[in-house]
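Each chain, letter by letter, is given below.
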Amino acid sequence: MRAVEELQALQDERKKADPQKAEAIDQFLIKLRSLGSGEAAFTFVLDDPAGNSFIENPHAPSSDALLSVSFYERTSEQQAALGFLVDPPTGESGGPLQNASTVEANSGGLPKVPHGSVGAVAGRRAIAQGNPDEIAAALCRYTAPEEVDTLPSTCGACGAACVTRFFATKIPYFREVIVMAASCDLCGYCNSELKPGGEIPAKGKKITLHVQNVKDLSRDVIKSDSAAVKVPELELELSMGTLGGIVTTVEGLIVKICEALERVHGFQLGDSTNEWKKKKWDDFQQRLSKLLSLQEPWTLIIDDALAASFVAPATDLIEDDSQLLIEDYERSWEQNEELGLNDMDTSSADIAYNMTSTE
């Protein structure tokens, strides 16, 4: 409706200067008014390279079938338009500036090590740039990284060149995973990710955990960025890609989900919020507290089309854990399309591999 007002404001002048264009705008205004009054259905796309825009979900914390949110990496042009650093800074001589973290400290006189470089020497600390306590404690209890490798990367915040460290490890009852961590010496941005390793499984996996006691809350959980999460008792459903790939526990996963919901919908809880919306969030918080305090049993469902998620069993054999149900299923065409598998052609690589193996 604001667009209608802005266009309508200069219509009298347009009719005098260009009657044909003014007539076309009048027709367009009729269409805009029909959309603004809800008489016609339409698609509204909001693209924000800064990531600071928001469209309300009236069903929050439940999902909205009409609303979808996707994230993407900014291009160099978008980085520059937002005022972020695109190319590494250069000195007067044309060479790269010396990073401040490598310069000897004025106070102590001891040289500072570039942020995160300790991980190249000490493998267990290489993944500590994202969340050291959570990732290291959860993964290293299974196996310590054999070798930490590095690859050149770009900072997701300022666009400067940085280094990403990664290692592969095998988790019992699960599969090989790759832990990746990056840190920027220039702006201090840190990020950590968990990626599945190996081939793409032929089937998806659905994990159902019936939470009944305190030990269930402390079960290790790996949620990949391709997993959807459901808690039927809370009417809570997270689509694929929400929160990315994380390593945590059952309790930690639920808490992270709720923190993300409050962060996204936080301004809806202010003084100007309608009472029914406040009551809805208060009821959600009360039900969440009951679940985490185990006043009643509840169910955690992780549906991963790439079978890259994991919930630790409470017994030595997964088959003996009566509270944990793991089901394999055939992916639908829509799921393969969303994951880009329908267009994937590996025939050339298969031929080259077969020729190499036969030689």
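Because the structure is predicted, anything quoted here is derived from the model rather than measured.

*Asks:* Before we move on, could you go through the overall build of the protein and cite the residues and values that matter?
*Replies:* Helix and strand counts for the protein come out as 11 helices and 12 strands. The buried share among the 359 residues of the protein stands at 32%. Across the protein, every contact between residues at least 6 apart in sequence was considered, and the portion connecting residues at least 24 apart equals 60%.

*Asks:* Lay out unusual backbone geometry with the relevant residues and their values.
*Replies:* The backbone of Glu235 sits at a positive phi, close to 55 degrees, despite the residue not being glycine. One can find Glu235 in the loop between strand S7 (227-231) and strand S8 (236-238). The exposure class assigned to Glu235 is exposed, which follows from its relative accessible area of 54%. Not every positive phi belongs to a glycine, and Ala307 is a case in point at roughly 55 degrees. The residue Ala307 is located in the loop between strand S10 (298-304) and strand S11 (310-311) in this model.

*Asks:* Any chance you could break down helix H3 (residues 19-36) for me, citing the residues and the numbers?
*Replies:* Across its 18 residues, H3 extends 25 Å between first and last C-alpha, which sits within 8% of the 26 Å expected from 1.5 Å per residue. Taken together, the buried residues of H3 touch helix H1 (2-9) and helix H2 (11-17). Downstream of H3 by one or two residues, Gly38 has phi in the positive range, about 80 degrees.

*Asks:* Would you mind going over the side chain of Gln11 in detail, with residue names and values included?
*Replies:* Along the chain, the position of Gln11 falls in helix H2. Side-chain polar atoms of Gln11 contact the backbone oxygen of Ala22, separated by 3.0 Å. Dropping the residues within four chain positions of it, Gln11 is found in contact with Ala22, Ile25, Asp26 and Leu29.

Reading the values: rules and limits
Residues numbered from 1 in each chain as written. Predicted model: local features only at pLDDT ≥ 70, side-chain atom pairs only at ≥ 80, totals over all residues. Heavy atoms only, no water. Helix = DSSP H or I, 4+ residues; strand = E, 2+ residues; numbered from the N terminus. Buried < 20%, exposed > 50% of the residue type's maximum accessible area, 1.4 Å probe, protein only. Contact = heavy atoms within 4.5 Å. Expected span 1.5 Å × (residues − 1). Polar contact = N/O pair within 3.5 Å; in protein donor to acceptor, adjacent residues only side chain to side chain.

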